[in-house]
Amino acid sequence: MSKQLDVRYFPLLDYAEAWEMQKSLVKEIDGAKRNETLLLLQHPATFTIGSQKHPEHLLWNEQQLRDKGIAVFEIDRGGDITYHGPGQLVGYPLLALDAENMDLHGYLRNLEQVIINYLAKFGITGGRKPEYTGVWVGNEKIAAIGVKFNKRRQRRGFITSHGFAFNVASGIQHEGFTGIIPCGIEEYGVTSLEDCTGQRFAVQDVARELLPCFVEVFGYEPVIEGGLV
């Protein structure tokens, strides 16, 4: 029998609030006080800088950031700098990886597979690049991935946090991504679902349609708490 996965969708959630929510949920899941959880959401315009910390990959100065209304957070996930904003579906899986299920590399590949399987529904071939995480369409990244494995206190294993950022809206690569070197990768570009298909999508609809791909790859039974019904 599949484990239950609580699923919540937020049309727009401030980054700081989402980060604190993840920290709280990690503790609750570790203490068996709630089910494993998937948060699906959009953020206001935000740059996040991961543990690799390359400040030179942020191209805009403080005045430009203020003018454009973009917040900057140095956070505790792996990876370099990336952009979050409206028109992008962000997924934060908070999953328990126990001693018998601690293939951390495999977890990253499974996150990529969720996006790859979803893209296939539209005839889009999503792929991987051996030297990078994330999902690519040709030489353009359509989904970035950066995670944290939080060591469990109650038993051996980890609780995951952070996750994926899937570009949905056309032109998103010309917004915040122009102010950074995304993930520190200069030689490749960024694309979106709308740019690949020529269709228009509501992010909430993409979240609803992507959920079956997620639970199929990871083997859960979703319990939708709100936002996607």
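Rules behind the numbers
Residues numbered from 1 in each chain as written. Predicted model: local features only at pLDDT ≥ 70, side-chain atom pairs only at ≥ 80, totals over all residues. Heavy atoms only, no water. Pairing = 2+ DSSP bridges. Helix = DSSP H or I, 4+ residues; strand = E, 2+ residues; numbered from the N terminus. Axes fitted to C-alpha atoms, helices over the stretch in contact; angles between N-to-C directions. Contact = heavy atoms within 4.5 Å. Expected span 1.5 Å × (residues − 1). Bend = angle between axes of the 7 residues up to and from the residue. Buried < 20%, exposed > 50% of the residue type's maximum accessible area, 1.4 Å probe, protein only. Core = buried A, V, L, I, M, F, W, Y, C linked by side-chain atoms within 4.5 Å. Phe/Tyr/Trp six-rings, centres within 6.5 Å; stacked < 30°, edge-to-face > 60°. Lys NZ or Arg CZ within 6 Å of the ring centre and 35° of its normal.

Trainee: Requested: an account of the sheet that holds strand β3 (residues 46–49), with residues and values cited.
Mentor: If you walk across this open sheet you meet the 3 strands as β4-β3-β5, and the pairing is mixed. At either margin of the open sheet sits one strand with a lone partner, and together these are β4 (71–74) and β5 (81–84). If you compare each strand with its neighbour and ignore which way they point, the axes differ by 20° on average. In terms of strand pairing, β3 meets β4 through 4 bridges, oriented parallel. When the bridges of β4 are listed, T48 appears paired with F73. Lying on the sheet, helix α1 (residues 15–30) is in contact with β3, β4 and β5; it crosses β4 at an angle near 30°.

Trainee: I'd love a proper account of helix α5 (residues 203–218), names of residues and values included.
Mentor: With 16 residues, α5 extends 22 Å between its outermost C-alpha atoms, agreeing within 8% with the 22 Å of an ideal straight helix rising 1.5 Å per residue. Remark: the principal bend of α5, roughly 30°, maps to L210, with a proline, P212, within the next four residues. Looking only at α5, the buried set comprises V203, V206, A207, L210, L211, C213, F214, V215 and F218. Phi turns positive one or two residues past the end of α5, at G219, with a value near 80°.

Trainee: Summarise the nonpolar core; cite the residues concerned and give the values.
Mentor: Counting 39 residues, the largest nonpolar core has L40, L89, L119, F164, F166 and F214 as its most contacted members. Sorting the residues of this core by element identifies β1 (3–10), β2 (36–41), α3 (104–120), β9 (132–137), β10 (140–151), β11 (157–167) and α5 as the ones contributing at least two each. At 9 residues, the largest contribution of residues to this core is made by α5. Ignoring sequence-local partners within four residues, the contact set of L119 consists of I124, G126, V135, V137, I142, F166 and L193. L25, V26, I29 and I75 belong to the second-largest nonpolar core, a separate cluster that totals 18 residues.

Trainee: I'd like to hear about unusual backbone geometry, residue by residue, with values.
Mentor: Even without glycine at this site, A32 takes up a positive phi of about 60°. The topology assignment puts A32 in the loop between α1 and β2. A positive phi angle, close to 60°, is found at H162, a residue other than glycine. With respect to the helices, strands and loops of the structure, H162 is situated in strand β11.

Trainee: How would you explain the packing of aromatic side chains if you had to name every residue and give the values?
Mentor: If you walk through the whole model with that rule in mind, you get 13 aromatic pairs. An angle of 70° between the planes, with centres 5.8 Å apart, marks the rings of Y107 and F149 as edge-to-face. Taken together, the positions of Y107 in helix α3 and F149 in strand β10 put the pair 42 residues apart, joining distant regions of the chain. Residue classification places Y107 among the buried positions, given a relative accessible area of 3%. The exposure class assigned to F149 is partly exposed, which follows from its relative accessible area of 22%. Pairing Y118 with F166 gives two aromatic rings, centres 5.9 Å apart and planes at 85°, and the pair type is edge-to-face. Taken as a pair, Y118 in helix α3 and F166 in strand β11 lie far apart in primary sequence, 48 residues in all. Taking relative accessible area as the criterion, Y118 reaches 1% and is therefore assigned buried. When its relative accessible area of 0% is taken as the criterion, F166 is described as buried. Put simply, the rings of Y107, F149, F158, F214 and F218 touch in pairs and so form one group of aromatic residues. It is K23 that lies over the ring of W19; its NZ or CZ is 4.1 Å from the centre.

All quantities given are derived from atomic positions and should not be read as evidence of function.
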